[in-house]
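Examining the three-dimensional arrangement
Chain by chain, the residues run as shown.
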Amino acid sequence: MKDILLASGNKGKVNELKEMLAPLGLNVVPQSEFNVEEVPETGTTFVENAIIKARHASKVTGLPCIADDSGLEVAALNGAPGIYSSRFAGEGATDGTNIDKLLRLLDGVEENKRQARFVCVLVFMRHADDPTPIICQGSWDGVISTQRQGEHGFGYDPVFFQPQLNLAAAQLNPEQKHSLSHRGKALKQLMSQFKELGL
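Now for a quick tour of the structure. Given the structure is predicted, the values throughout are model-derived calculations rather than measurements.

Overview of the overall build of the chain
Scanning the chain from terminus to terminus reveals five helices and seven strands. By principal-axis analysis of the C-alpha atoms, the chain measures approximately 50 × 30 × 25 Å. At a minimum sequence separation of 6, the contacts of the chain that also span at least 24 residues come to 60%. Accessible surface, the chain: about 10000 Å² in total, of which carbon and sulfur atoms supply 51%. When the 20 positive and 24 negative side-chain charges of the chain are each reduced to one mean point, those points stand 2 Å apart.

Structure below.
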């Protein structure tokens, strides 16, 4: 099995990508195993932040690297929390405090105005100075429910509701989630690019 470096310390992301890449003979190794520290996400878009993370981890380790930058965009909040999804409730925010803030801001917002989407950008850099990184993007539409449901997933999954399934993302099993999710869609694009390039 071939190792591939992931520029993330987020256990949820590491586990999801491990599950999705294992059938392809790829073993995801988080940057923490190489003592790579988190780099400040100073970009203004998901693409910029993913490139910053991939470049940093590749520079420190000398290895090819995948970076993921993803988040939740809520229509009623003009696209917030967006790139600030993981720190929506401030520095040191947890999944729980982020969801609490989101539900508080949407309190009283009608059901038909609670549309949201998850966005994921995956960047693959062959080395830190790669002038043409591979960039793939996926999105997943849903609505924000008024209360948490389900025990699976991470982040905003307990309140990201899928009307067509009548389930929250946190109620889906891993296979269901991977087939529908923003990260699953971005990863499929990345894998097809890998095949084209013979990686």
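Re the pairing of strand β2 (residues 26–30)
Counting buried residues along β2, four of its five residues qualify, which places the element largely inside the surrounding structure. When strand β1 (residues 2–6) meets β2, the two strands line up parallel, connected through five bridges. Bridge assignment links Asp3 to a residue of β2, and that residue is Asn27.

Topic: the packing of aromatic side chains
This model, assessed by the stated rule, comprises four aromatic pairs. Positioned above the aromatic ring of Phe88 is the side chain of Lys101, whose terminal nitrogen or guanidinium carbon lies 4.5 Å from the ring centre.

Describing helix α1 (residues 11–21)
Inspection of α1 places Gly12, Lys13, Val14, Glu16, Leu17, Met20 and Leu21 among the buried residues, and these make up the whole buried set. On its buried face, α1 is in contact with β1, β2, α2 (46–61), β3 (65–74), α4 (174–180) and α5 (182–197).

Notes on the nonpolar core
Note on soluble globular proteins: their nonpolar side chains tend to be buried together. The biggest cluster of nonpolar side chains holds 19 residues, and the ones touching the most others in it are Ile4, Leu21, Ile66, Leu187, Leu190 and Phe194. When residues of this core are traced back to their parent elements, those giving at least two are β1, α1, β2, β4 (115–125), β5 (134–144) and α5. When residues in this core are grouped by element, the largest group, five residues, is from α5. The contacts of Leu187, once residues within four sequence positions are left out, are Leu17, Met20, Leu21 and Leu122. Counting 17 residues, the second-largest nonpolar core is a separate cluster that includes Val74, Ile99, Leu102 and Trp140.

Here we look at the packing of α1 against α5
Contact pair α1 / α5: the axes reach a minimum separation of 11 Å and the direction vectors enclose 45°. As far as their axial angle goes, α5 and α1 are oblique. Our pair here, α1 against α5, has a crossing hand that is right-handed. Seen from α1, the contacting residues are Lys13, Glu16, Leu17, Met20 and Leu21; seen from α5, they are Arg183, Gly184, Leu187 and Met191. Here the contact of α1 with α5 is composed, by residue class, of five nonpolar, one polar and three charged.

A look at the environment of Ala50
For Ala50, the position within the fold is in helix α2. A residue is classified by how much of its surface remains accessible, and Ala50, at 0% relative accessible area, is buried. Sequence separation between Ala50 and Ile135 is 85 residues; the distance between their C-alpha atoms is 9.0 Å. Contacts of Ala50, omitting those with residues within four sequence positions, involve Ala67, Asp69, Val121 and Val123.

Conventions used here
Position numbers for residues start from 1 in each chain and track the written sequence from start to end. With pLDDT at 70 or above as the cut-off, local features in this predicted model cover only qualifying residues; side-chain atom pairs require 80 or more to be listed or tallied, and sums for whole chains, interfaces and linings still use all residues. Side-chain metrics rest on all non-hydrogen atoms present in the structure, leaving aside hydrogens and water. Helix and strand labels come from DSSP, where a helix needs a run of H or I of at least four residues and a strand needs a run of E of at least two; each type is numbered from the N terminus. Residues count as neighbours in contact if any of their non-hydrogen atoms are within 4.5 Å of one another. Calculation of accessible area relied on Shrake-Rupley with a 1.4 Å probe; when residues are assessed, cover is drawn exclusively from the protein chains displayed. The charge count treats Lys and Arg as positive and Asp and Glu as negative. His and the chain ends do not count. Taken as the charge location is NZ of Lys, CZ of Arg, CG of Asp or CD of Glu. Only protein chains enter the accessibility calculation, which uses a 1.4 Å probe. A residue is then buried if its area is under 20% of the maximum for its type, exposed if over 50%, and partly exposed in between. DSSP-based pairing: two strands are paired if at least 2 bridges between them are found. Centres within 6.5 Å make a pair out of two Phe, Tyr or Trp rings, where for Trp the six-membered ring is used; the pair is then stacked when the planes are under 30 degrees apart, edge-to-face when over 60, and tilted otherwise. Two thresholds decide whether a charge sits over a ring: the Lys NZ or Arg CZ must be within 6 Å of the ring centre and within 35 degrees of the ring normal. Think of a nonpolar core as a cluster: buried Ala, Val, Leu, Ile, Met, Phe, Trp, Tyr and Cys residues, connected wherever their side-chain atoms sit within 4.5 Å. Axis definition: a line fitted to C-alpha atoms, over the contacting stretch in the case of helices. Angles run 0 to 180 degrees between N-to-C directions. For this classification, under 35 degrees means roughly parallel, over 145 means roughly antiparallel, 65 to 115 means roughly perpendicular, and everything else is oblique. By convention the crossing between two helices is left-handed if the near helix lies anticlockwise of the far one by an angle smaller than a right angle, and right-handed if it lies clockwise. The residue classification treats Ala, Val, Leu, Ile, Met, Phe, Trp, Tyr, Cys and Pro as nonpolar and Asp, Glu, Lys and Arg as charged. All others, Gly included, are polar.

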